[in-house]
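# Working through the structure, step by step
If you want the building blocks of each chain, they are given just below.
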Amino acid sequence: MPPFGSGLLVLTAPLGALPRRAAAALAAAAGVVAGPLYVHLQPGLRLAAAAPRPAAPPACPALLRALAALYAAAAAQRGLDVRVLLGPGHRLARPPRVLLAAAAEAPGPPGPVELGLQRLAAAAYGCPPRLPALLLGGAGGGPEEEPEDPDAALPDFSDVAVGGTFDRLHGAHRFLLSACCLLARHRLLAGVADGDLLRHKVLMELIEPYELRAAKLREFLEDVKPSLRYDIVPLVDPYGPSVTDPDLQCLVVSEETRRGGEAVNKKRLENGLPKLALYEILLMKDPDRSQNEEEKISSSSLRQRLLGTLLRPPRQDPALPSRPYVIGLTGGTGSGKTSIAKLLGHLGAFLIDADKLGHAVYVPGGPAYEQVVAAFGAEILNEDGTINRKVLGAKVFGNQERLKSLTDIVWPEMARMVKERVGEADAQGKAVCVLDAAVLLEAGWQDMVHEVWVAIIPEEEAVKRVMARDGLSEEAARSRLRSQMTNSQRVEQAQVVLCTLWEPDVTRKQVEKAWDLLQQRLSQGAQPVRGPRSP
């Protein structure tokens, strides 16, 4: 872990040189700073001068290219929270704990340069006068671009608008928002997608809540350029206030969203308002793109990378034995939960199939047989005395009172059998036990497991799978799915989320990733389990 929780990096190279130097500068800073890394750009500043004066970089195309390079380089340093400042004279949301500069940009004895860093940080951002100051090696050099036209400037507008999901505020978002800040003189209206606009997003269940996204957005914007007024509003339709606000002059778009911008202008004309200038920025390529991810830096790719990782801490319950470590695996109909369970079994987990236990409790002589027959009558029996589960299911489907009567009988017996099977796993020396249970959360069995792992799939894909597997109509398939917990409700209680939307090989890699991370968690208190690995 880098030693400092936040830092301020001062770069004094010409703007034209930054695209070539950004990667080295941020890689060097990432070894020192763990949290927010503020970047102060001031081309030509001599840090060794007696009293370096802070100034904002000129709003020009070269600055936009420098910003794009810095945020693209930040994407290669996962977890580095880079914020390029567009104007001094304010305190920062997360005060820097260390001051940094590239040694190659600050020739001369280090003492005067470090003192200059301290004076600059105090004058520009109110930092304490004696913060640690470090000069970074390997963060300079490289050829510069052709000199910029000194008269080149970006257009400016009083009021600018932008829209997006802004989930897990990443480098492409930051570049987009920084461009908006450079274009706006007075106000930036930022619409944040919410409600039905999120329904068809990839892994929408993992999108951060609106309140968190809006708060992160505001903190970033007020850090980067506090002189602007920021109106941050939820978007529940594709247009929002952009088609009704008479003060807006510009809408910032990307290659992907230009058509949406044109649709906004059509609506404005219908509403008797002038068209907005559409300022288009380029998409940023993702240097870490992997299978099934978008070529651009995107929130959906970041959400895919969360699959298999620990989203919240495991349960700490003294009543749970530390061995075997029990994973509760659940998911809706068609989610691919069973295929995930099989993969975990191949990796060395002891599997408990709750559905098989459910069948066992209903057989004649089984622990729930007599109670179920007494509660629901002899008409649920086949000629051979076995319970006809389809007839029983029809009796309770859509009737919450009858369903509760059944589950109050069956679930406690199944839970007792699960505990017996966990005991068997312990006797066999198994370190990890996976309880494969569709009703894990509904039955309250999360109290029996250390972690809840949830398999999810978009509803449309689940409908197709259920129709193909069970021969149901689309209406019947949807009815079955909507009688169950939603994906979002399950994810709210999950430590780990997996998704089988893509090819089987992608699912296998997800499961292996989740398993390997589990072994890391167990290695502190238990021996990791080694199982066969697919080639």
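What counts as what
- Residues numbered from 1 in each chain as written.
- Predicted model: local features only at pLDDT ≥ 70, side-chain atom pairs only at ≥ 80, totals over all residues.
- Heavy atoms only, no water.
- Helix = DSSP H or I, 4+ residues; strand = E, 2+ residues; numbered from the N terminus.
- Buried < 20%, exposed > 50% of the residue type's maximum accessible area, 1.4 Å probe, protein only.
- Contact = heavy atoms within 4.5 Å.
- Areas by Shrake-Rupley, 256 points an atom, 1.4 Å probe, with all protein chains shown as cover.
- Expected span 1.5 Å × (residues − 1).
- Arc of directions from axis to C-beta.
- Pairing = 2+ DSSP bridges.
- Axes fitted to C-alpha atoms, helices over the stretch in contact; angles between N-to-C directions.
- Parallel < 35°, antiparallel > 145°, perpendicular 65-115°, else oblique.
- Left-handed = near helix turned anticlockwise from the far one by under 90°.
- Nonpolar A, V, L, I, M, F, W, Y, C, P; charged D, E, K, R; others polar.

## Quick notes on the overall build of the protein chain
A tally of helices and strands in the protein chain yields 16 helices and 15 strands. Expressed along its principal axes, the backbone C-alpha trace of the protein chain runs to roughly 95 × 60 × 40 Å. Expressed as a percentage of the 535 residues in the protein chain, the buried residues total 49%. Looking at the protein chain alone, contacts between residues at least 24 apart form 77% of all its contacts between residues at least 6 apart. Carbon and sulfur atoms form 53% of the exposed surface of the protein chain, whose accessible area is close to 25,000 Å².

## Structural notes on helix 6 (residues 258–270)
Between the first and last C-alpha of helix 6 there are 19 Å, a value that for 13 residues agrees with the 18 Å anticipated at 1.5 Å per step. All buried positions along helix 6 are accounted for by Gly261, Val264, Asn265 and Arg268. Taken down its axis, helix 6 places every buried residue within 100° of arc, on the same side. In helix 6, the exposed residues that point more than 90 degrees away from the buried face are Arg259, Lys266 and Glu270. Elements in contact with the buried residues of helix 6: strand 9 (250–254) and strand 10 (277–281).

## Considerations on helix 5 (residues 210–224)
Here helix 5 is 15 residues long and its end C-alpha atoms lie 21 Å apart, about the 21 Å a rise of 1.5 Å per residue gives. Those residues of helix 5 not exposed but buried are Tyr210, Arg213, Ala214, Leu217, Phe220, Leu221, Asp223 and Val224. Buried residues along helix 5 sit in contact with strand 2 (36–41), helix 2 (61–75), strand 3 (81–85), helix 4 (171–183), strand 7 (184–193) and strand 8 (229–235).

## Thoughts on the sheet that holds strand 3
Overall, parallel pairing links the 5 strands, which are arranged 3-2-1-4-5 in an open sheet. Edge positions in the sheet fall to strand 3 and strand 5 (133–136), since each has one partner strand and no second. The mean inter-strand angle of the sheet, taken between neighbouring strand axes irrespective of direction, is 25°. With 4 bridges connecting them, strand 4 (residues 99–102) and strand 5 associate as parallel partners. Pairing of Leu99 across the sheet is with Ala133, part of strand 5.

## Comments concerning the packing of helix 2 against helix 4
Where helix 2 meets helix 4, the axes come as close as 9 Å, and the angle between the chain directions of the two elements is 160°. Our classification of the angle between helix 2 and helix 4 gives roughly antiparallel. Handedness of the helix 2/helix 4 crossing: right-handed. Contacts between helix 2 and helix 4 involve Leu63, Leu64, Leu67, Ala68 and Tyr71 from the first element and Gly171, Arg174, Phe175, Ser178, Ala179 and Leu182 from the second. Classifying every residue of the contact of helix 2 with helix 4 gives 8 nonpolar, 2 polar and 1 charged.

## Focus on the packing of helix 1 (residues 18–30) against helix 2
When two helices pack together, their arrangement is captured by the angle between the axes and the distance separating the axes. For the pair helix 1 and helix 2, the least separation of the axes is 8 Å and the interaxial angle reads 30°. Looking at the two axes, helix 1 sits roughly parallel to helix 2. Crossing handedness for the pair helix 1 and helix 2: right-handed. Mapping the contact onto sequence places Leu18, Pro19, Ala22, Ala23 and Leu26 in helix 1 and Arg65, Ala66, Ala69, Leu70, Ala73 and Ala74 in helix 2. Looking at side-chain class alone, the contact of helix 1 with helix 2 contains 10 nonpolar, no polar and 1 charged residues.

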